[in-house]
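# Architecture at a glance
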Amino acid sequence: MSKKVYFDYASTTYVSNEVLNEMMPCFNAIYGNANTLHSFGRMAAGVVDRARDRIKNAINAEKANEIYFTSGGTEANNWAIRGIAHAYSSKGKHIIVSQIEHKSILDACAVLEEEGYEVTYLPVDKHGLVDLGQLLHEIKNETTLISIMAVNNEVGTIQNIKTIAKIAHDYGIIFHTDASQAIGNLKIDVKDMEIDAMTITGHKIYGPKGVGCLYLKEGIRIENLIYGGSAERGKRGGTVDVPAVAGFGKAVEVAVRDMAVNAQKMKSVRDYFLKCVHDRIEFVEVNGHPMQKVNTILNLCFEMVDKESLLMLLDLEGIAVSAGSACTSNSLTQSHVLKAMGLEDEIANSSIRFSFGKNLTKEDIDYTVDVLEKSVAKLRSISALTKAGRK
Ligand SMILES: *Cc1c(COP(=O)(O)O)cnc(C)c1O
C-alpha cells in the first residue's frame, strides 16, 4: 500500500478514540429524546447537560445555558451575524467584520447588505492583523456588532481579541468571535476576554462533523434560528443529536485539557518541517504573522509554482494539503485572505496551506519534504514563470 500523509487538519480532523468512546453509547444504549420527561429522555438530557457543562468550563462561561448547540461553525456564524444584527436593528444597522473572515461570516454579511444593513469590512496588514486604529475610525452610533475571528484558518494569524472586545464595549457594541480554529490552540476565557458571542465547531478538534455551538452571554439578544419546540431554550428547535453533542463536549474538554502539551508538540513538528523545507527548497516564503500565529497552520509560498499543480502532484503521492480553505479551494477563485493581506497574485497563486495534527510523524514529514522537493523542482522546470522570473 502506498504511503498516505494527511496535512489538512485545519479543514477537518478524524474523531479521537476518547471522543468516539463518549459517543458510542449514545447511538443505541442512550437513545431517548433529550426533550422528553421520562427516564429515557432524562438519561439523554443528562448527556447533553454534561456536554454543555464541559464547554462552559472549558471557555469559562458563567452558565451552561449560554451554550447553544448548532450544526457547526457555519451555522453558528450565520446565526450570530444575522440573529444579533436583526435583534438590535432598532438601535442601528451597521456592523463591522474583517476582510479575512470565514465565508460563513462574509456571505451572511452580504445577505444583511441586501436587507439594507451597512457592513464595514476591515482591512488587515501583510501579516493578517486587523488595524485597531482603523477599527476605531469605522465605529458609528449605529454600529451594533463587531465580529473578528480569533485565528485565521488559512494563515493561522491570531488577532488581538481582548483589545478588540474592549474597544467594542467602550462604545456599547456587541463583540462576536469565530473561534473555530482557536480552541485547543490558545487559551479562550470568555469572561477575561470580554467575549459576548463565540463560534466553536467540533470537527476541527478531533470531534464529530455537523456539530458546534454558539456561546451567547446571558442578556445578549438574538433572533430565534429555528422555530419548533423548546430545544436550545426555544431558539433553535429540533431534536438534539445526542451522540454528536456528547462527542463535541468531550472534544472541547480534551482540546483545552491537552492544549499546552499539544501546542509544544505541534510547534516542534512545524519547526522541523519548515527547517527541512528551507534546507532543501529555494524561494519559499511563509505567509502570515511571523510570531503571533498558531502552531498548527503553516501557509507557504513556493515561488514560481502553480498551487493547483503542486496540490495534484502531492496528492498523487498520497499527501493531502490544501490551497487555502476548504470552502474556496475547489474553485479557481483566489484566496480572499491572501488578497486582503496584500499579497501579489503570483505569490497567492503559489501558496498552499499545511496544517498539522496529532497523527503526524517525523517519517511523514521526511517523506513529504522529499516529494515536495521533487515536485517543486519539476514544476519550476516547466514553468513559464521560471523563465520570466527569478532564475
Ligand atoms: C471550519 C471553520 C468554520 C466552519 O465550521 P463548520 O463546522 O465546518 O461549518 C468556520 N470558521 C472557521 C474559522 C473555520 O475554520
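What you are looking at is a predicted structure, and each value in this text was computed from that prediction instead of being measured.

Around the ligand, the surrounding shell holds 13 residues, and the nearest of these are T74, D178, Q181, T201 and K204. One of the side-chain N or O atoms of T74 is found 2.6 Å from an oxygen atom in the ligand. At 2.6 Å, a side-chain N or O of K204 approaches an oxygen atom of the ligand. Alone, the ligand offers 380 Å² of accessible surface; in the complex the protein occludes 88% of this. Examining the composition of the shell around the ligand, we find that three residues originate from one element, helix 3 (residues 73-87), more than from any other. The residue makeup of the shell around the ligand, split by class, is one nonpolar, ten polar and two charged.

Right, let's get into the pairing of strand 7 (residues 197-201). Two faces, one strand: in a regular strand the side chains alternate between the faces of the sheet. For strand 7, the tally of buried residues reaches five of five residues, placing the bulk of the element in the interior. Burial along strand 7 is two-sided: A197, T199 and T201 facing one way and M198 and I200 facing the other are all buried. Taken together, the three bridges between strand 6 (residues 174-178) and strand 7 define a ladder with parallel strand orientation. Paired with H176 across the two strands is A197, which belongs to strand 7. Note: strand 7 against strand 8 (residues 212-216), five bridges, orientation antiparallel. Note that in strand 8 the partner of M198 across the bridge is Y215.

A separate point is the side chain of T143. Among the structural elements, T143 can be located in strand 5 (residues 143-147). When its relative accessible area of 1% is taken as the criterion, T143 is described as buried. Within the structure, T143 has its side chain in polar contact with the side chain of H94 (distance 2.7 Å). A distance of 2.8 Å separates the side chain of T143 from the backbone nitrogen of K140, its partner in a polar contact.

With that out of the way, let us pick up the packing of helix 9 (residues 307-316) against helix 13 (residues 362-382). Relative to each other, helix 9 and helix 13 sit at 140 degrees, their axes nearing to 10 Å. On the basis of the axis angle, helix 9 is oblique to helix 13. For the crossing formed where helix 9 meets helix 13, the hand is right-handed. Every residue of helix 13 that contacts helix 9 at S309, L310, L313 and L314 is listed here: V371, L372, S375, V376, K378 and L379. In terms of residue class, the contact of helix 9 with helix 13 is built from seven nonpolar, two polar and one charged.

Another aspect to go through is the pairing of strand 12 (residues 351-355). Here strand 12 lies mainly inside the structure; five of its five residues are buried. Burial along strand 12 is two-sided: the face carrying S351, R353 and S355 and the face carrying I352 and F354 are both buried. As paired strands, strand 10 (residues 297-302) and strand 12 are joined by five bridges and run antiparallel to one another. Paired with L298 across the two strands is F354, which belongs to strand 12.

A word on empty space enclosed by the protein. Per the stated rule, a full pass over the model turns up three cavities of 30 Å³ or more. Space inside the largest cavity adds up to approximately 320 Å³. If you go around the largest cavity, you meet 27 residues; those closest to its centre are N185, K204, I205, Y206 and T296. A total of four residues in the lining of the largest cavity trace back to one element, the largest contributor, which is helix 8 (residues 259-280). Residues belonging to the lining of the largest cavity are distributed by class as follows: 14 nonpolar, ten polar and three charged. Two domains share the lining of the largest cavity, each providing at least three of its residues, namely domain 1 (5-13 + 259-381) and domain 2 (17-257).

How big an interface is tends to be stated in terms of accessible area lost as the parts join. When the domains of the protein are assigned, the result is domain 1 (5-13 + 259-381) and domain 2 (17-257). Each of domain 1 and domain 2 has a C-alpha centre, and the two are 28 Å apart. Every contact between the two is made by 29 residues of domain 1 and, on the other side, 37 residues of domain 2. Counting the surface domain 1 buries against domain 2, the share from its top three residues, T13, M259 and Q292, is 24%. Here domain 1 is connected to domain 2 by zero salt bridges. Connecting domain 1 to domain 2 are 20 residue pairs in polar contact (both at pLDDT 80 or more). Elements with a minimum of two residues in the side of domain 1 that touches domain 2: strand 10, helix 10 (326-329) and helix 11 (336-340).

To continue, consider the packing of aromatic side chains. According to the stated counting rule, one finds 13 aromatic pairs in the structure shown. On the numbers, 5.5 Å between centres and 80 degrees between planes, the contact of F7 with F356 is edge-to-face. Taken together, the positions of F7 in the loop between strand 1 (5-6) and helix 1 (17-23) and F356 in the loop between strand 12 and helix 13 put the pair 349 residues apart, joining distant regions of the chain. Take F356: its relative accessible area is 2%, and that puts it in the buried class. Centre to centre, the rings of F69 and F248 are 6.2 Å apart; their planes meet at 75 degrees, and the pair counts as edge-to-face.

When you line up the elements, S375 lands in helix 13. In sequence terms S375 and L310 are 65 residues apart; their C-alpha atoms lie 6.7 Å from each other. Those residues in contact with S375, other than ones at most four positions away along the chain, are L310, L313 and L314. Only 2.7 Å separates the side chain of S375 from the backbone oxygen of V371, close enough to count as a polar contact.

The rules behind these values
- Here the residue numbering is sequential within each chain, running from 1 through the sequence in written order.
- Given that the model is predicted, a residue must reach a pLDDT of at least 70 before its local features are reported, and side-chain atom pairs must reach 80 or more before they are shown or counted; all residues, however, enter totals for whole chains, interfaces and linings.
- To obtain the side-chain values, all non-hydrogen atoms of the structure were included, while hydrogens and water were left out.
- We define proximity as follows: a residue is near a molecule or strand when any one of its heavy atoms falls within 4 Å of that partner.
- In the analysis that follows, any N or O atom pair within 3.5 Å is treated as a polar contact, provided that within protein one partner can donate a hydrogen and the other can accept it, and provided that, for residues neighboring in sequence, both atoms belong to side chains.
- Calculation of accessible area relied on Shrake-Rupley with a 1.4 Å probe; when residues are assessed, cover is drawn exclusively from the protein chains displayed.
- Counting from the N terminus, the helices are DSSP H or I runs at least four residues long and the strands are E runs at least two residues long.
- Lys, Arg, Asp and Glu make up the charged group, whereas Ala, Val, Leu, Ile, Met, Phe, Trp, Tyr, Cys and Pro make up the nonpolar group; the residues left over, Gly among them, are polar.
- Throughout, exposure labels follow a simple rule: accessible area from a 1.4 Å probe, protein chains only, divided by the maximum for the residue type, with under 20% read as buried, over 50% as exposed, and the rest as partly exposed.
- At least two bridges found by DSSP between two strands are what make those strands a pair.
- Where helices are involved, their axes are fitted lines through C-alpha atoms of the stretch in contact, as for all axes, and angles between N-to-C directions lie from 0 to 180°.
- An angle below 35 degrees is read as roughly parallel, one above 145 as roughly antiparallel, one from 65 to 115 as roughly perpendicular, and any other as oblique.
- Helix crossings get a hand from a simple test, with the near helix turned counterclockwise from the far one by less than a right angle marking a left-handed crossing and a clockwise turn marking a right-handed one.
- Between two residues, a contact is recorded if the distance between any of their heavy atoms is within 4.5 Å.
- Using protein atoms alone on a 1 Å grid, points that fit a 1.4 Å probe yet trap it form a cavity, whereas open point sets bounded by protein on both sides within 12 Å along at least five of seven lines form a pocket; residues with an atom within 4 Å of a point count as lining.
- Grid points are joined across faces, edges and corners, and a volume is the space filled by probe spheres set on the points.
- Where each domain begins and ends follows an automated or database-derived domain assignment.
- By buried area we mean how much accessible surface two parts lose on assembly, using a 1.4 Å probe and totalling the loss over both.
- One side-chain nitrogen of Lys or Arg within 4 Å of one carboxyl oxygen of Asp or Glu is enough to make a salt bridge.
- For Phe, Tyr and Trp, rings pair up if their centres lie within 6.5 Å, where Trp contributes its six-membered ring, and each pair is then called stacked (planes under 30 degrees apart), edge-to-face (over 60) or tilted (otherwise).

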